[in-house]
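The residues making up each chain are set out below.
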Amino acid sequence: MGLLYRLSKPEQAIAWEGDMPITSRYTMGIAGERFFRAILDDEALWGTCCPECDVVYVPPRLYCERCFAQLDEWVEVPNTGYVYTYTIVHVDMDGNTLEDPRIMAYVRLEGTDGGLVHFLGEVDPEDVGIGMLVEAVFKDKAERKGSINDIAYFRPI
Amino acid sequence: MSRDRVAVVGAGMTKFVRRAQETGKELAWEAASKALESCEMTLDDIDAVIIGSAPEAFDGVHMKSEYLSDGCGGWGKPVIRGYVGGGTGVFSPIQGWYHIASGLFDTVLVICEEKMSSCQPHPQGAFLTIFDNFTERPLQPNLLWIFALEMNAYMTRYGLDKRDIATVSVKNKRNAADHPAALLGDANITVDDVLNSEVLAWPVQRLDVSPVTDGAVALVMCAEHVARRVTNKPVWVEGVGWNLDTAYWSSRDLSYPVYVEEAARMAYKMAGITEPRKQIHIAEPYDPFDYKELHHLEGLMLFDKGEAPRAAADGVTQRDGDLPVCPSGGLLGVGNPIAAAGMMKVAELFWQLRGEAGARQVPGTPKRGLAQAWGDLMQVGTVIILGA
């Protein structure tokens, strides 16, 4: 009873609002720097390869998480792949209904053991399916900043 | 209680730097690979992984150990993160000890990582939320307040000379000049440099304080039957202890860290140590501030209350003194990537007890060392005792 009473009149409790006055400035790391520079400069996707474990990592890693070897073998990978799974997002972070639902997909990149999660574009939600072949669409060079958003979206091919 | 004996058999660390280009994962991987390499083991030989890292807000990554896990060798293995704030660097090898002493695992890789440079404009902003939301935060406190109030209480209670306290900063920064991974080694620093540095919150001055740092340290720990196969120089865990005081720092005795004493008593009992001052040959107490090294030496019962500053000024704690303290260069000299800094001290004992500390090697043949860290809401003591 006490708990319900308190919850029903939250404005009666004295409150003090605080925040954490920091921002984070992340470095992309040794492997990440090279990955995003290639997107920025060349519209190209690169991965690292562990010959021992026969794995191509995209996004690239500096080390193999399976055997811990340093990975020095860089390979350019296709900007094409297939929709491994997807969702159609109908509400935003605050729960507001989106006028145009967005399609988020996990795209497995061809010839690699990895992939990227990104938006799908130039396709209607009802036409999307698992297994659909897609390619990355890069923004114009002037708009690119060395970020995952330098890829505008993936579209069907 | 019968327990398996546990040894440290390998250690590795990154350079401690002000701002690393590497991600936290990449720093962790570098330290972990070096530790494995140092004992000629591979990730396949490791049964479980322990990750130590201080507040998430420093790296700016929530669920930090999950994020760090692949760089720590955690892929496909049992992984746990222990977290007791600044005390984490010594608590993580304690976790390594009980993972093995329990009989559950034979080999454990322990990694402590911190990337404080991510946190802008300064990690002090993240520390703000450790204070009580209602009685303290509205005052806009700074972490330095705690230290300044504590240092003043300590100095006043025992009538200490700030000049004696400043010798700790000088000793550690000079010791760190011999550490290849150090951020702030300085062979020529003087007591006057410390006493003339900028006053931050009296009596704390700029050179009384350790720096914001990025870095990682890793240890390989094994059960006795594995350790005997891996190395002819195992370094044994002889004692562990940890203890927590009240969370209300305004209710604590700031002039004496009783929680460090309780943690030390637990570790001494386990190690069979009855006269610590005679039986401990090297000490690596936590030194984020110069007075803290002294404060902790007293809590560890290595010096009587109020006596450590005079002993430090007399040279007792120099690398060639009667009780070498922070021969590594400590947090003041090597740097203070929180959890990694604490475990750097354990790694230093490992190298010292094996006679592998190079230019930092203390004279004689030290048989037993103690490392201690301190943290949480400034009220946890963590202690580990290693023996050759």
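Conventions and cut-offs
- Residues numbered from 1 in each chain as written.
- Chains lettered and ligands numbered in written order.
- Predicted model: local features only at pLDDT ≥ 70, side-chain atom pairs only at ≥ 80, totals over all residues.
- Heavy atoms only, no water.
- Salt bridge = Lys/Arg side-chain N within 4 Å of Asp/Glu carboxyl O.
- Helix = DSSP H or I, 4+ residues; strand = E, 2+ residues; numbered from the N terminus.
- Buried < 20%, exposed > 50% of the residue type's maximum accessible area, 1.4 Å probe, protein only.
- 1 Å grid on protein atoms, 1.4 Å probe; cavity = no way out; pocket = protein on both sides within 12 Å on 5 of 7 lines; lining within 4 Å.
- Points joined across faces, edges and corners; volume = space filled by probe spheres on them.
- Nonpolar A, V, L, I, M, F, W, Y, C, P; charged D, E, K, R; others polar.
- Contact = heavy atoms within 4.5 Å.
- Buried area = accessible area lost by both parts, 1.4 Å probe.
- Polar contact = N/O pair within 3.5 Å; in protein donor to acceptor, adjacent residues only side chain to side chain.

A. Expanded view of the pattern of salt bridges. All names here are of chain B. Taken as a whole and assessed by the stated rule, the structure comprises 30 salt bridges over all chains. Aspartate 178 serves as the salt-bridge partner of arginine 319, at 2.7 Å between the closest nitrogen and oxygen. Of this pair, arginine 319 sits in the loop between α13 (308-313) and α14 (330-333) while aspartate 178 sits in the loop between α7 (162-176) and α8 (191-195), and the two are 141 residues apart along the sequence. For aspartate 178, a relative accessible area of 32% puts it in the partly exposed group. The partner of glutamate 284 in a salt bridge is lysine 345, and the shortest N-O contact between them spans 3.1 Å. Taken together, the positions of glutamate 284 in strand β10 (residues 282-284) and lysine 345 in helix α15 (residues 338-353) put the pair 61 residues apart, joining distant regions of the chain.

B. Summary view of the layout of surface pockets. If you add up the space inside the largest pocket, you get close to 880 Å³. Among the secondary structure elements, those contributing two or more residues to the lining of the largest pocket are α2 (56-59), α5 (124-127), α6 (143-158) and β11 (368-375) of chain B. A class-by-class count of the residues in the lining of the largest pocket yields 28 nonpolar, 9 polar and 5 charged. By volume, the second largest pocket amounts to about 450 Å³. Breaking the lining of the second largest pocket down by element, the ones donating at least two residues are α2 (29-42) of chain A together with α1 (24-38) of chain B. At 4 residues, the largest contribution of residues to the lining of the second largest pocket is made by α2 of chain A.

C. Looking closely at the interface of chain A and chain B. At the interface, 23 residues of chain A touch 35 residues of chain B. Counting the surface lost from both chain A and chain B, the interface buries some 2,400 Å², and carbon and sulfur atoms represent 62% of this. On the chain A side of the contact with chain B, Trp16, Tyr63 and Phe68 of chain A bury the most area, a combined 31% of that side's loss. Counting the contacts that link chain A with chain B gives 0 salt bridges. Counting across the chain A and chain B interface gives 13 residue pairs in polar contact (both at pLDDT 80 or more).

None of the figures reported here should be taken as evidence of function without further support.
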